[in-house]
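As a plain string of letters, each chain reads:
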Amino acid sequence: MTETKEQTFEFQSEVKQLLDILVYSLYKNKEVFLRELVSNAADALNKMQFEFLTVPDLEGKDQELKVTIAVDKEHNKLVVEDNGVGMTREELVENIGTIAHSGTLDYLKRLKDSQAAGQVDLIGKFGVGFYSSFMVAKEIHITTRSWQKDGKAWLWKSTGESSYTIEEVEKEGRGTRIELLLKKDEREFLETYRLKNIILKHSKFVPFPIYLDGEKIERREAVWTQPKSKLADKDYADFFKFFENTQEEPETWLHLSSDAPVQFHSLLYVPKTSFELLGLMKEEPGVDLYSRKILIQKGSKEVMPEYLRFVKGIIDSEEIPLNISRETFQNNVRIDKIRKHVVKKLLEHLEGLKDKERAKYLHIWKNFSKNIKEGAVNDFDNREKISQLLLFSSSKTSGDELIDLKQYAGRMAEGQKEIYFLGGADRGTIEKNPALEIFRKKDYEVLFLTDPLDEFVLDHLHEFDKKAFKMAESADIPLEEKAEAADEASMKDAENLVTYLKAIYGDQVQDVKISRRLVDSPCLLLNPADGPSVQMEKIMKMVNKDYQLSKRVLEINPGHALIRKMVALHKTDPAAPMLKTLALQLLDNMKLREGILSDTEATIARIQQIMLDAAAPPRSDAGGPA
Ligand code: ADP
């Protein structure tokens, strides 16, 4: 459908709300509107450059691709123009009247009043750049003509309230001209020196020339292709800010160049903020693929594995053909080689930080540990490198201190062959777990897993430095400690209690055993050899209600006073009702501790019975008057 006459459209309701947030509350730093307009212009130029290189015989090839900024003080007008791809009428409606990124508005709303609003530069992140111009303009006109042959020109007009109009107009040549009619208070943006400063601050790496009132503004070459010796930290930081549309410093970066086996340059950054951790969004892939400084694919899925989506930057290789199609991206041998090389170097860089710049690495860990753990599970080729990056608290750390597996392995006790771990909701809970008793006694360190992901990760890794990971609650840990019973005769009595308990519990447990590991507690529920932990099973049950918890092994401590009393009672009166009551309660106590007790009513009734017995008057009074 084409309409030549002016036609009025309503903004998508999300756009209206977005405009309200942008214009009235969210954004204090208004100057970024220019950064956004220039970056949109540069994108359009990039796309045009790409068309020139891939579509044969296009007109206007020798024209300079550029951004032009002009000021018209008399009419309070600021004009940003490009000779990029331009937009058709449909594209205008599609791109300017709607928000592309679903969920954007939600993120912005949530952030609006939160602390992060001031700290996080949102506009660049969420692709709402164009609208930010309404922070300074009371009316905006977009005149645009698509590069496609016979493209007509269109004028889009809006005051940023609820609607916009589109009509057909005349325009020389392809590209987009954006005219801002500035608000009264925003006339500073008509001053050339002010505009120049903003461009130098935010846009000096734009890969196309920018003219301001006829004067060409100095810009920097593609940083990633320059030799490291020519670049200072500030250059790297500035480029990051430009690349990510942010005012935040990068956490760390890695600049690589290689000639063989494949030629490429890459410049990769780890940011200081995790948008995923803030609960804002799942990060899109953040590394762009270039060939000879020309953008081939933004946020390429092929050059970085998914778990490294927090890494931002550029990979540029001459060996990648410009007209490579999306399908041939996948399984492209050269891209594979580059990815493998770059990922390896990046993981090594992170490991270097972990060993040499701990504070920096701890910050990275705080932000991106979930991604690193995801990599430990998914990136089979780099499993060893990634396992070097994992951090844990343990039975030998205190406070916030974290250790890595190399540290653990380096201080294992004599005779210790495995790496032990124990999961739980938090440090306090894990420390109270009786399963730890024997490890304390033997001076074996135990890793504390407080993140449900951790156990999953160790399960996938199997081992570190040829030492197997072993759950401290596992029933099959070889422990040569002697059970704490006094002599052979009383051991025999304890064995008899075990037989009795097995009969009472039936199929509630997999087995009952005399413990060789308990010191202070009467009993302990253990996992059958190599079975999943209770924490893990609880997660599985949350996902699938029908999931059956595996049967566990109950170990009793014959040295504990309660067990000794039960052994004695069993010896004198194996049919005593109280013995059965105690036996059932013993198991229920353990289930309660683990949060897997299902029949609470029966347990409460039994506890009340025990209380009643405890409160009964001594036998000698039994015959007294009621
Ligand atoms: P973003 O640039 O992050 O997608 P914007 O709101 O700034 O978000 O722009 C929306 C869309 O409008 C762009 O993605 C692009 O398709 C189109 N657009 C904006 N400016 C231009 C321009 N100068 N030339 C061509 N298309 C443009």
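Below is a summary of the structure that appears in this document. For clarity, every value in this text was computed on a predicted model and none was experimentally measured.

**Some remarks on the overall build of the protein**
- The number of helices and strands found in the protein is 21 helices and 23 strands.
- Out of the 626 residues belonging to the protein, those deemed buried represent 50%.
- Carbon and sulfur atoms provide 50% of the accessible area of the protein, an area that totals close to 31,100 Å².

**With respect to unusual backbone geometry**
- Cis geometry is found at the peptide bond from A260 to P261, where omega equals 0°.
- Along the chain, the position of P261 falls in the loop between β10 (252–258) and β11 (264–270).
- Look at D57: it is not a glycine, yet its phi comes out positive at around 55°.
- In this structure, D57 sits in the loop between α2 (32–54) and β2 (67–72).
- Positioned with a positive phi, H462 is a non-glycine residue whose angle comes to about 65°.
- If you trace the backbone, H462 turns up in the loop between α16 (452–461) and β19 (463–464).

**Notes on the packing of aromatic side chains**
- For the structure shown, the criterion picks out 21 aromatic pairs.
- Taking the centre distance of 5.1 Å and the plane angle of 85° together, the rings of F33 and F189 count as edge-to-face. Here F33, found in helix α2, pairs with F189, found in the loop between β7 (175–182) and α7 (192–202); they are 156 residues apart in sequence, far enough to count as distant.
- Residue F33 is classed as buried on the basis of its relative accessible area, which comes to 0%.
- Taken together, a centroid distance of 5.8 Å and an interplanar angle of 40° make the contact between F205 and F242 tilted. Pair noted here: F205 is in the loop between α7 and β8 (210–212) and F242 is in helix α8 (residues 233–243), with a separation of 37 residues, a long-range link.
- The class of F205 is buried, set by a relative accessible area of 6%.
- Within the aromatic cluster, the residues linked to one another by ring pairs are F9, F11, F130, Y131, F134, W156 and Y164.
- We note R89 situated over the ring of W154; from NZ or CZ to the ring centre the distance is 5.5 Å.

**Structural notes on the packing of helix α20 (residues 577–594) against helix α21 (residues 600–615)**
- One can describe the packing of α20 onto α21 by two numbers: an axis separation of 10 Å at closest approach and a directional angle of 130°. In terms of axis orientation, α20 runs oblique to α21. When the axes of α20 and α21 are compared, the crossing they make is left-handed. Contacts between α20 and α21 involve M578, T581, L584, Q585 and D588 from the first element and T603, R606, I607, I610 and D613 from the second.
- Residue composition of the contact of α20 with α21, by class: four nonpolar, three polar and three charged.

**Points about the pairing of strand β14 (residues 312–316)**
- With five of five residues buried, β14 lies mostly within the body of the structure.
- Neither face of β14 is left uncovered, since the one carrying K312, I314 and D316 and the one carrying G313 and I315 both have all their residues buried.

**Considerations on the side chain of R606**
- Structurally, the position occupied by R606 is in helix α21.
- Overall, R606 belongs to the buried group, its relative accessible area being 14%.
- A polar contact is formed between the side chain of R606 and the side chain of D588, at a distance of 3.0 Å.
- When near neighbours in sequence (up to four residues on either side) are disregarded, R606 contacts T581, L584, Q585 and D588.

**Quick word on the pattern of salt bridges**
- Per the stated rule, a full pass over the model turns up 42 salt bridges.
- Where K73 meets E191, a salt bridge forms, and the shortest distance between an N and an O atom there is 3.2 Å. Remark: E191 occurs in the loop between β7 and α7 and K73 occurs in the loop between β2 and β3 (77–82); sequence separation between them is 118 residues.
- Judged by relative accessible area, E191 falls into the partly exposed class, the value being 29%.
- Residue R411 is joined to E445 by a salt bridge in which the shortest nitrogen-to-oxygen separation is 2.7 Å.

**Focus on helix α18 (residues 534–543)**
- Considered for burial, the residues of α18 that qualify are V534, M536 and E537. When α18 is viewed along its axis, its buried side chains cluster within an angular range of 155° and face the same direction. Every exposed residue of α18 that faces more than 90 degrees away from the buried side is listed here: M542 and V543.
- As for α18, its buried residues are in contact with α16 and α20.

**What to know about the nonpolar core**
- Formed by 69 residues in total, the largest nonpolar core has its most connected members in L34, I69, F130, I140, W156, L180 and F239.
- If one sorts the elements of this core by residue count, α2 sits on top with eleven residues.
- Here L180 is in contact with F33, L37, N76, K77, L78, S133, V136, A137, E139 and I140, once residues within four sequence places are set aside.
- Core analysis: the next-biggest nonpolar cluster, separate from the first, contains 63 residues, F310, V342, F421 and F469 among them.

**Observations concerning the pairing of β11**
- A large share of β11 lies buried, amounting to seven of its seven residues.
- As paired strands, β10 and β11 are joined by seven bridges and run antiparallel to one another. The partner of S258 across the bridge, within β11, is F264.
- Linking β10 back to β11 in an antiparallel pair, the connection comprises five residues.
- The pairing of β11 with β14 spans five bridges and is classified as antiparallel.

**Examining the environment of K492**
- Relative to the elements of secondary structure, K492 occurs in helix α17 (residues 488–505).
- Along the sequence, K492 and V567 sit 75 residues apart, while their C-alpha atoms lie 9.9 Å from each other.

**Some thoughts on the sheet that holds strand β15 (residues 391–394)**
- If you trace the six strands from one edge of the open sheet to the other, you get β16-β15-β18-β17-β20-β19, paired in mixed fashion. The strands lining the two open edges of the sheet, one partner per strand, are β16 (403–404) and β19.
- Taken strand by strand, helix α11 (residues 358–378) contacts β15 and β16, and its axis lies near 95° from that of β15.

**Regarding the environment of I596**
- With respect to the secondary-structure elements, I596 resides in the loop between α20 and α21.
- For I596, a relative accessible area of 18% translates into the label buried.
- Remark: the alpha-carbon pair of I596 and K538, spanning 58 residues in sequence, is separated by 8.2 Å.
- Each residue touching I596, except ones within four places of it in the same chain, is listed here: V534, L549 and K591.

**Considerations on the sheet that holds β3**
- Read from one edge of the open sheet, nine strands run β1-β6-β5-β4-β7-β3-β2-β8-β9, paired in mixed fashion. Bordering the open sheet on either side are β1 (7–10) and β9 (215–216), each of which pairs with just one other strand.
- Each of β2, β3, β7 and β8 touches α2; the most contacted strand, β3, lies at about 25° to it.

How each quantity is defined
- Residues numbered from 1 in each chain as written.
- Predicted model: local features only at pLDDT ≥ 70, side-chain atom pairs only at ≥ 80, totals over all residues.
- Heavy atoms only, no water.
- Helix = DSSP H or I, 4+ residues; strand = E, 2+ residues; numbered from the N terminus.
- Buried < 20%, exposed > 50% of the residue type's maximum accessible area, 1.4 Å probe, protein only.
- Areas by Shrake-Rupley, 256 points an atom, 1.4 Å probe, with all protein chains shown as cover.
- Phe/Tyr/Trp six-rings, centres within 6.5 Å; stacked < 30°, edge-to-face > 60°.
- Lys NZ or Arg CZ within 6 Å of the ring centre and 35° of its normal.
- Axes fitted to C-alpha atoms, helices over the stretch in contact; angles between N-to-C directions.
- Parallel < 35°, antiparallel > 145°, perpendicular 65-115°, else oblique.
- Left-handed = near helix turned anticlockwise from the far one by under 90°.
- Contact = heavy atoms within 4.5 Å.
- Nonpolar A, V, L, I, M, F, W, Y, C, P; charged D, E, K, R; others polar.
- Polar contact = N/O pair within 3.5 Å; in protein donor to acceptor, adjacent residues only side chain to side chain.
- Salt bridge = Lys/Arg side-chain N within 4 Å of Asp/Glu carboxyl O.
- Arc of directions from axis to C-beta.
- Core = buried A, V, L, I, M, F, W, Y, C linked by side-chain atoms within 4.5 Å.
- Pairing = 2+ DSSP bridges.

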